[in-house]
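Residue-level structural notes
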Amino acid sequence: MLFNSIDFAVFLPIVFGLYWFVFQRNLKVQNAWLLLASYFFYGWWDWRFLSLIAFSSTIDFFVARKLETTEHSGKRKRLLWTSIGVNIGFLGVFKYFDFFAESFAEAFSLFGIPFEPGRLNLILPVGISFYTFQTLSYTIDVYRKKMAPSHDPIAFFAFVSFFPQLVAGPIERATNLLPQFSGKRSFDQQAATDGLRQILWGLFKKIAIADNCAEFVNGVFADPSSASGSTLLLGAILFGFQIYGDFSGYSDIAIGTARLFGFNLMKNFAFPYFSRDIAEFWRRWHISLSTWFRDYVYIPLGGSRGPLFQQIRNIVVVFAVSGFWHGANWTFIAWGLLNALFILPLILRRKHRTYRDTVASGRVFPRMREVWAMAFTFLLTTLAWVFFRSESIGQAITYLYSIVQPSLFSVPSTPGKVVAMLLVFFVGVEWLQREKEHALCLSTTKIPRPARWILYYALVYLIVYHGGSQEAFIYFQF
Amino acid sequence: MKHFLIRFGIFLFLLFLAFCLVDFLKLSHRILPNRDVYTVIERSKATRDKTKVLILGDSIARQLFDPLDQSGENGVTNLASNQSIDIIGNYFLLHNFLERNHSVERVYLIVNCTSFQNNLDHLFTYNYFLKPFYNSEYKPLFTPAAMEQIKSIPFHRFVSFPPIHATFFTPELNKHKSKSKFLSKISIEYLEAMETVLEERGIQFKVISPPVSQAGFEDAQIYKSVYESTRRLPHHFDQYFESMIFLPASWYPDGAHFTNEKIKEARRILIDQLDDEILSAAIAE
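About the criteria used
Residues numbered from 1 in each chain as written. Chains lettered and ligands numbered in written order. Predicted model: local features only at pLDDT ≥ 70, side-chain atom pairs only at ≥ 80, totals over all residues. Heavy atoms only, no water. Helix = DSSP H or I, 4+ residues; strand = E, 2+ residues; numbered from the N terminus. Buried < 20%, exposed > 50% of the residue type's maximum accessible area, 1.4 Å probe, protein only. Contact = heavy atoms within 4.5 Å. Areas by Shrake-Rupley, 256 points an atom, 1.4 Å probe, with all protein chains shown as cover. Lys, Arg positive; Asp, Glu negative; His and termini not counted. Charge placed at Lys NZ, Arg CZ, Asp CG, Glu CD. Polar contact = N/O pair within 3.5 Å; in protein donor to acceptor, adjacent residues only side chain to side chain. Patch = residues over 30% accessible without salt bridge, like charges linked within 9 Å, V, L, I, M, F, W, Y side chains within 5 Å. Salt bridge = Lys/Arg side-chain N within 4 Å of Asp/Glu carboxyl O. Axes fitted to C-alpha atoms, helices over the stretch in contact; angles between N-to-C directions. Parallel < 35°, antiparallel > 145°, perpendicular 65-115°, else oblique. Left-handed = near helix turned anticlockwise from the far one by under 90°. Nonpolar A, V, L, I, M, F, W, Y, C, P; charged D, E, K, R; others polar. Buried area = accessible area lost by both parts, 1.4 Å probe. Core = buried A, V, L, I, M, F, W, Y, C linked by side-chain atoms within 4.5 Å. Arc of directions from axis to C-beta. Phe/Tyr/Trp six-rings, centres within 6.5 Å; stacked < 30°, edge-to-face > 60°. Lys NZ or Arg CZ within 6 Å of the ring centre and 35° of its normal. Pairing = 2+ DSSP bridges.

Considering the overall build of chain A
The secondary structure content of chain A amounts to 18 helices and 0 strands. Residue burial in chain A is summarised as follows: out of 478 residues, 56% are buried. Pairs at least 24 residues apart make up 77% of the contacts formed inside chain A by residues separated by at least 6 positions. Within the structure as shown, chain A displays about 20800 Å² of accessible surface, and the carbon and sulfur contribution to it stands at 67%. Here chain A holds 43 positive side-chain charges and 29 negative ones, and the gap between their average locations is 10 Å.

Here we look at the side chain of D46(A)
Residues and elements named next belong to chain A. Secondary-structure assignment places D46 in the loop between α2 (27–45) and α3 (50–69). Judged by its relative accessible area of 16%, D46 falls in the buried class. Here the side chain of D46 touches R48 through a polar contact of 2.6 Å, side chain to side chain.

A short note on a nonpolar patch on the surface
A cluster of nonpolar side chains, F100(A), F104(A), F108(A), L110(A), F111(A) and I113(A), forms an exposed patch at the surface whose accessible area comes to about 680 Å². For F108(A), the location among the structural elements is in helix α4 (residues 73–110).

Quick word on the packing of helix α6 (residues 153–161) of chain A against helix α8 (residues 174–182) of chain A
Residues and elements named next belong to chain A. With their axes 9 Å apart at the nearest point, α6 and α8 run at an angle of 130° to one another. Looking at the two axes, α6 sits oblique to α8. As α6 runs across α8, the sense of the crossing is right-handed. Together, A155, F156, A158 and F159 of α6 and A174, L177, L178 and F181 of α8 make up the contact between the two elements. In terms of residue class, the contact of α6 with α8 is made up of 8 nonpolar, no polar and no charged.

Some remarks on the interface of chain A and chain B
Each partner contributes to the interface: chain A provides 20 residues, whereas chain B provides 21 residues. A combined buried area of about 1900 Å² lies between chain A and chain B, and 74% of that area is made up of carbon and sulfur atoms. Run the count over chain A and chain B and you get 0 salt bridges. Inspection of the chain A/chain B interface yields 2 residue pairs in polar contact (both at pLDDT 80 or more). Residue assignment for the side of chain A that touches chain B shows that the elements contributing at least two residues are α1 (6–21), α9 (189–222) and α18 (449–466) of chain A.

What to know about the nonpolar core
As a rule of thumb, soluble globular proteins bury nonpolar side chains together. Counting 157 residues, the largest nonpolar core has F204(A) and F261(A) as the members making the most contacts within it. No other element matches the 14 residues that helix α10 (residues 229–260) of chain A contributes to this core. Those residues in contact with F204(A) that lie beyond four places of it in its chain are I209(A), L422(A), F425(A), F426(A), L459(A), L462(A) and I463(A). Of all hydrophobic cores here, the second largest spans 58 residues; its members include F97(B), F116(B), I153(B) and M244(B).

Some remarks on α8(A)
All names here are of chain A. Within α8 the residues assigned to the buried category are A174, L177, L178, Q180 and F181. Taken down its axis, α8 places every buried residue within 155° of arc, on the same side. Those residues of α8 hidden inside the fold are in contact with α2, α5 (128–143), α6 and α7 (163–166).

Observations concerning the packing of aromatic side chains
A complete count under the given rule lists 98 aromatic pairs over all chains for this structure. Between F11(A) and F163(A), the ring centres sit 5.1 Å apart and the planes meet at 90°, which makes this aromatic pair edge-to-face. On the criterion of sequence distance, the pair formed by F11(A) in helix α1 and F163(A) in helix α7 is long-range, its members being 152 residues apart. Taken as a pair, F11(A) and F163(A) share a single burial class, namely buried. When the centroid spacing of 6.0 Å and the interplanar angle of 40° are considered together, the rings of Y244(A) and F426(A) count as tilted. Taken together, the positions of Y244(A) in helix α10 and F426(A) in helix α17 (residues 417–432) put the pair 182 residues apart, joining distant regions of the chain. The exposure classification of Y244(A) matches that of F426(A), with both residues buried. Between K139(B) and the ring centre of Y134(B), over which it is positioned, the NZ or CZ distance is 4.7 Å.

A look at the packing of helix α15 (residues 368–389) of chain A against helix α16 (residues 393–403) of chain A
Residue and element names in this part refer to chain A. Remark: α15 packs on α16, axes separated minimally by 8 Å, with the N-to-C direction vectors making an angle of 140°. Accordingly, the angle class assigned to the pair α15 and α16 is oblique. In this structure, α15 crosses over α16, and the sense of that crossing is right-handed. In this structure, α15 uses L383, V386 and F387 to contact α16, whose residues at the interface are I393, A396, I397, Y399 and L400.

Regarding the pattern of salt bridges
Working definition: two side chains of opposite charge can pair if their charged atoms are close together. Within the structure shown, the criterion is met by 29 salt bridges over all chains. For K52(B), the salt bridge identified is with E105(B), shortest N-O distance 3.8 Å. One end of the pair, K52(B), is in the loop between α3 (35–44) and β1 (53–57); the other, E105(B), is in the loop between α5 (86–100) and β3 (106–110), with 53 residues separating them in the sequence. Among the charged side chains, a salt-bridge network with shared partners connects R276(A), E280(A), R284(A) and D357(A).

Things to note about the sheet that holds β3(B)
Residue and element names in this part refer to chain B. With respect to topology, 4 strands assemble into an open sheet ordered β2-β1-β3-β4, the strand pairing being parallel. In this open sheet, the two strands that pair with only one neighbour each are β2 (76–78) and β4 (204–208). Pairwise comparison of adjacent strand axes, ignoring direction, gives a mean angle of 15° for this sheet. As judged from the 5 bridges shared by β1 and β3, these two strands associate in the parallel manner. When the bridges of β3 are listed, I55 appears paired with Y108.

Let's talk about the environment of I6(A)
Inspection of the secondary structure puts I6(A) in helix α1. As a C-alpha pair, I6(A) and K145(A) span 139 residues in sequence and 43 Å in three-dimensional space. Beyond its immediate stretch of four places on either side in the chain, I6(A) contacts F155(B) and F169(B).

A short note on unusual backbone geometry
The peptide bond linking G169(A) to P170(A) adopts the cis configuration, its omega dihedral lying at 0°. Within the element layout of this structure, P170(A) appears in the loop between α7 and α8. Phi at H286(A) takes a positive value of approximately 40°, unusual for a residue other than glycine. In this fold, H286(A) is placed in the loop between α11 (278–284) and α12 (287–301). Residue H286(A) is classed as buried on the basis of its relative accessible area of 1%. Even without being a glycine, F155(B) presents a positive backbone phi close to 60°. Within the secondary structure layout, F155(B) lies in the loop between α7 (144–151) and α8 (162–165). With relative accessibility at 28%, the residue F155(B) sits in the partly exposed group.

With respect to the environment of S290(A)
All names here are of chain A. Here S290 lies in helix α12. Distance from S290 to Q405, taken between C-alpha atoms, is 35 Å for residues 115 residues apart in sequence. Contacts of S290, omitting those with residues within four sequence positions, involve W282 and W285. A polar atom in the side chain of S290 sits 3.3 Å from the backbone oxygen of I287.

Digging into the environment of L177(A)
Residues and elements named next belong to chain A. Structurally, the position occupied by L177 is in helix α8. Sequence separation of L177 and M266 is 89 residues, and the distance between their C-alpha atoms is 8.8 Å. Residues contacting L177, with those up to four places away along its chain left out, are Q134, F159, F162, Q165, E172, F263 and L265.

Pasting the structure below:
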């Protein structure tokens, strides 16, 4: 069920009510209730895929238990590879099989060899890319002896399937989330209230920003040949807002919802479009995925150590795989490689940690060079987003080429005044709140309750009466 | 927990009151995307006793004929709004108008082929049809088939509930989509109802297609062959496909509606084909 649906609006209070009023006294029962609710939530999409998540959870639970009692390094490796094989295997079959089949067929046809592989045409289970990575991080951390395996199957299954973050992240680390299932949870009014604020802001980002941008973006990308260069540029820029609003909005709703139940999920976005270089952008965008790849792919490959060739290889591999994680299309790989190209000079020159603080920290207005830096970084990400959004690499290249035509200086088509005002409001709020945990993190001492409530009602008004047509969350397709 | 629930409860209650007020004052009728439907409903209840030609239809018809609507003073009233009100919604508008106006001589129902497939199972049925029309005023006009279809729509009972009625909330209808072929059961019922009520009053009735993009030529032939294999409503449809006009695809940025530059020309082409003196006079003005 979608977060912005009546189904979820009915589901959440029921789960919340029973969680805190009926099952609070017994931790095991409380976890069991969360597990049941999470499986119900996931089964609402398609009950057939419950078996996949249950199987994946079962394998990883027993692999981790076995790792605890096995010291033989060969056996430990085999256990680890069992977990990796099952989880990556699921991804490979459901997500990538047809892509590889088609790619092989195209490659063979280049040599004039007819090759017609069978296609599976399987429906992609929602969230598979997220929960497989989440359980993989668990078995890898147990293998590395970073954490002890769970002896509580209910807690573990609930950790894997925890409904707020099940279908689109954040991809939680077991070291952070699993202990929270093992410890008693008390209701924290401040956390819950702030969680509601975060949910509200997430809904605003998704419905008022992302869905409105989507209407314009879909029109432009559907027929780019008939749009001017300026319209194409605006389309690419608004796609950047669309995907940010969509994905970070979902993350905000997930994190806010988890806080209602006494859980703290990791931050997934830290105002990435205020980044001053591409390295900072990747420290602020989809943090759970980028840190996952850093810890489980980049560092094991050697990271930024070793000869130059190896460093370059590691960066290229990580970004290519990261792109590929997003979807079975060469465009996602191209998107990843383009980002690798952007970040490589910074890493090789050891300038990728220049910006560790927040831009214009403690000030309202940025300096001019900060503005240029942010604008340039935004431009680079926008360039890469064209590949992410396009159906093919050819379409992306044609799109970009069509931007840099004389029509770039013509007046573009626009999504309208209302959307423009929403975007200005959105960027303004995010800018003013960029040093906070989330954009609607309000000081209850500095801002009186009536003023806060007026802002909340204003956001509800904007969501309800100026939201775009309902679009699926983009990251559900990953 | 108690304080949290109390405060949140007060917040929600005040929000509920706000929705009730918006619904009572009909403010949402001016803001939400389905406002065009409320506009034509209001128009259908107006007294326009100079009206001789009444236009019903979808958003393409609205695009073409709204500029001709001069409150009926030029003999033309346009009640075309949106495909999502289905043929049944057009019947209700016709019913409203004929109750108050007795000078109508001709009615044109101008709809795209796809309108006839709708069986109150469209993605926008909840907002464009149920919210404006599913109330005590129109319930006597629902056929058993229409009521049965409505009852299969999730949350249909709550459509008048202020937080739903005053917003653009809609349940997911994809799972409930019926598989209607061209000419759904409800479309047939209400086309026949239109024919009956207009025949009783001696009013001429024509069902025509708006000018269609050349790119849609093949789709139109498919619909035509489906229709010919079922042969329902020959009275209305013999001319529907034969008189279909195809215009260059470049005139249609979204495949269905016209560019601003081509609306006038498309309207003139359609009216020339209809050979209707009142419509011709209206565009001459």
